Amino acid sequence: ERTVAGQRDPPLRVWRVVPSRPKTAAPSWVVGQLFHEAVAAWSFPKPGFERWAEARARSCGLTDPGQLHDAVRETHKLLKRFQSHQLFQEMASAELCLHELPYSLESHGQVENGILDVLYRLQGWWHIIEFKTDEIRDESELRQVLDRNQYVDQLGRYRQAVERLIGQRPDAKLCLLNFAGHIATWSEEAQLI
């Protein structure tokens, strides 16, 4: 686990995030981390959520009150948005749903490590969901984000790994949590859904 965490980009933890000048926006990676942790625990906003989210943001290194508030608010917003999307219902009704699933495979003499955000089986078919919290305004910006961050390559590696491990080609999608203020899913086959 330590090795996988050490290879993660961005890292899972910094010792302290102190803005050089006052700003209230939390680092997006912190919001993404909080979202992933909540979904992995299948825990959504309810009484006590704010205390949990603030404590987790502090453990990521945030100290600024404005950034802490923003991290809690943004995480809450993304979780509520996800709960109202059909993907949430699909995952909730899955036969099996695995979160933050690590894997290691040998490929061309190298060991490839990865962590799948979600792998679930619904009606006998496997599905990979990779959540992305990037703020994307439109389809042209989406193409830039996909290229810049190599999300398509990442999704392809995950699909190949699951296919090798379970012997079935899974459906693989990016779940864009902040696409023009909504959720959109993207796959190579269907593009935006």
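A quick note: this is a predicted structure, and the numbers were derived from the prediction, not measured. (Residues numbered from 1 in each chain as written. Predicted model: local features only at pLDDT ≥ 70, side-chain atom pairs only at ≥ 80, totals over all residues. Heavy atoms only, no water.)

### Some words on the sheet that holds strand β5 (residues 182-187)
Here is step 1 of the chain: Here we have six strands laid out as an open sheet, ordered β1-β2-β3-β4-β5-β6, and mixed in their pairing. The sheet is open, and its two edges are formed by β1 (96-107) and β6 (191-192), each paired on a single side.
Here is step 2 of the chain: Here strand β2 (residues 110-122) pairs with strand β3 (residues 125-132) via five bridges, running antiparallel. Each bridged residue has a counterpart across the sheet, and for Arg121 the counterpart in β3 is Trp126. (Pairing = 2+ DSSP bridges. Helix = DSSP H or I, 4+ residues; strand = E, 2+ residues; numbered from the N terminus.)

### Focus on helix α4 (residues 65-83)
Here is step 1 of the chain: In this model, α4 (19 residues) spans 27 Å end to end at C-alpha, consistent with the 27 Å of a helix rising 1.5 Å per residue.
Here is step 2 of the chain: Considered for burial, the residues of α4 that qualify are Gln67, Leu68, Asp70, Ala71, Val72, Glu74, Thr75, Leu78, Leu79, Arg81 and Phe82.
Here is step 3 of the chain: Buried residues in α4 make contact with α2 (28-40), α3 (49-59), α5 (86-92), β3, β4 (171-179) and β5.
Here is step 4 of the chain: The backbone nitrogen of Gly66 has a side-chain oxygen 3.1 Å away, supplied by the residue at the start of α4, namely Asp64. (Expected span 1.5 Å × (residues − 1). Buried < 20%, exposed > 50% of the residue type's maximum accessible area, 1.4 Å probe, protein only. Contact = heavy atoms within 4.5 Å. Polar contact = N/O pair within 3.5 Å; in protein donor to acceptor, adjacent residues only side chain to side chain.)

### Side note on helix α6 (residues 139-149)
Here is step 1 of the chain: When α6 is considered as a whole, its buried residues turn out to be Glu141, Leu142, Val145 and Leu146. Burial along α6 is one-sided: seen end-on, the buried residues are contained in an arc of 140 degrees. Those residues of α6 that are exposed and aimed more than 90 degrees away from the buried face are Asp147 and Arg148.
Here is step 2 of the chain: Positive phi shows up at Gln150, right after α6, with a value of about 55 degrees. (Arc of directions from axis to C-beta.)

### Considerations on the pattern of salt bridges
Here is step 1 of the chain: Inspection of the entire model under this criterion finds 13 salt bridges.
Here is step 2 of the chain: The closest approach of N and O atoms between Glu95 and Arg121, which form a salt bridge, is 3.0 Å. Of this pair, Glu95 sits in the loop between α5 and β1 while Arg121 sits in strand β2, placing them 26 residues apart in sequence.
Here is step 3 of the chain: When its relative accessible area of 45% is taken as the criterion, Glu95 is described as partly exposed.
Here is step 4 of the chain: For Arg121, a relative accessible area of 27% gives the class partly exposed.
Here is step 5 of the chain: Measuring nitrogen to oxygen at the nearest pair gives 3.4 Å for the salt bridge that ties Arg159 to Glu189. Pair noted here: Arg159 is in helix α7 (residues 151-166) and Glu189 is in the loop between β5 and β6, with a separation of 30 residues, a long-range link.
Here is step 6 of the chain: Each of Asp70, Arg73, Glu74 and Lys77 takes part in a single network of salt bridges with overlapping partners. (Salt bridge = Lys/Arg side-chain N within 4 Å of Asp/Glu carboxyl O.)

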